[in-house]
Amino acid sequence: MHDFFHRYGCANTARWNCTTSSLDKRTTHTGEGTWFEVGTGACGYTDTDRNCNQWIYITNTANGQTAYGKTRDECESCGSGDLDMSPGLFEELSTLDTGEIPISWHFMNKDWSP
């Protein structure tokens, strides 16, 4: 499982209403992307909303780099539209020393997988 998150990464999504059972229309979110040290609870299996384990497509709007990540947790300190990513996922978009990047992202269809 460790290799999975380094290859595809995981992301903690900002707090938002997660009561939708299906996605009929794609919504593009914008915000800041940051990274966190993966550990207990950060990519845990205590998924509490319907969007956990759903793939997302992320774009670094400063350099155009893109990556796929999988939602795994909620980022309580993030703003609306922000993502807190694993180091492996963040490095697909920028270097870790950048620390924070401007992003846009959207959920993939629930049945989509890379």
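Every value quoted in this text rests on a predicted model; they were computed, and no experiment measured them.

Visitor: How would you summarise the overall build of the protein if you had to cite specific residues and measurements?
Guide: When you go through the protein residue by residue, the secondary structure sums to two helices and six strands. The order of α-helices and β-strands along the protein, N terminus first, is α-β-β-β-β-β-α-β. By the burial criterion, 44% of the 114 residues in the protein qualify as buried. Partitioning the intrachain contacts of the protein with sequence separation of at least 6 by distance along the chain shows that 80% fall at a separation of at least 24. Total accessible area on the protein is roughly 6,300 Å²; 46% of this is exposed by carbon and sulfur atoms.

Visitor: Lay out the nonpolar core in plain terms, naming residues and giving numbers.
Guide: Judged by nonpolar contacts, Ile56, Ile58, Ala67, Leu83, Met85, Leu89, Phe90, Leu93, Ile101, Ile103, Trp105 and Phe107 together constitute the single largest core of twelve residues. Those elements that place two or more of their residues in this core are β3 (55-60), β5 (83-85), α2 (87-93) and β6 (100-107). Tallying contributions element by element places β6 first for this core, with four residues. The residues touching Phe90, leaving out its near neighbours within four places in the chain, are Gly33, Thr34, Trp35, Met85, Thr95, Leu96, Thr98, Gly99, Glu100 and Ile101.

Visitor: Quick rundown of the packing of aromatic side chains? Include the residues and the values.
Guide: Following the criterion strictly, the structure yields four aromatic pairs and no others. Here the aromatic rings of Trp55 and Trp112 are separated by 6.2 Å at their centres, their planes lie at 80 degrees, and the arrangement is edge-to-face. One end of the pair, Trp55, is in strand β3; the other, Trp112, is in the segment after β6, and 57 residues separate them in sequence. Using a relative accessible area of 26% as the deciding quantity, one classes Trp112 as partly exposed. Ring centres of Tyr57 and Tyr68 lie 5.0 Å apart, and the angle between their planes is 50 degrees; on these two criteria the pair is classed as tilted. One end of the pair, Tyr57, is in strand β3; the other, Tyr68, is in strand β4 (residues 66-75), and eleven residues separate them in sequence. Under the relative-accessibility criterion, Tyr68 is labelled partly exposed at 29%. Through a chain of ring-to-ring contacts, the aromatic side chains of Trp55, Tyr57, Tyr68 and Trp112 assemble into a single cluster.

Visitor: Pulling in residues and values, what's your account of the environment of Ser86?
Guide: By the element assignment, Ser86 lies in the loop between β5 and α2. Here the alpha-carbon distance between Ser86 and Trp35, two residues 51 residues apart in the chain, equals 5.5 Å.

Visitor: With reference to specific residues and values, describe the confidence of the model for the protein.
Guide: Here the protein shows a mean pLDDT of 76. Residues at 70 or above account for 67%. With pLDDT under 50 throughout, residues 1-8 is counted as low confidence; its partners more than four residues away or in other chains account for 16 contacts. Counted against residues more than four places away or in other chains, residues 15-21, with its pLDDT under 50, gives 13 contacts.

Rules behind the numbers
Residues numbered from 1 in each chain as written. Predicted model: local features only at pLDDT ≥ 70, side-chain atom pairs only at ≥ 80, totals over all residues. Heavy atoms only, no water. Helix = DSSP H or I, 4+ residues; strand = E, 2+ residues; numbered from the N terminus. Buried < 20%, exposed > 50% of the residue type's maximum accessible area, 1.4 Å probe, protein only. Contact = heavy atoms within 4.5 Å. Areas by Shrake-Rupley, 256 points an atom, 1.4 Å probe, with all protein chains shown as cover. Core = buried A, V, L, I, M, F, W, Y, C linked by side-chain atoms within 4.5 Å. Phe/Tyr/Trp six-rings, centres within 6.5 Å; stacked < 30°, edge-to-face > 60°. pLDDT = per-residue confidence, 0-100.

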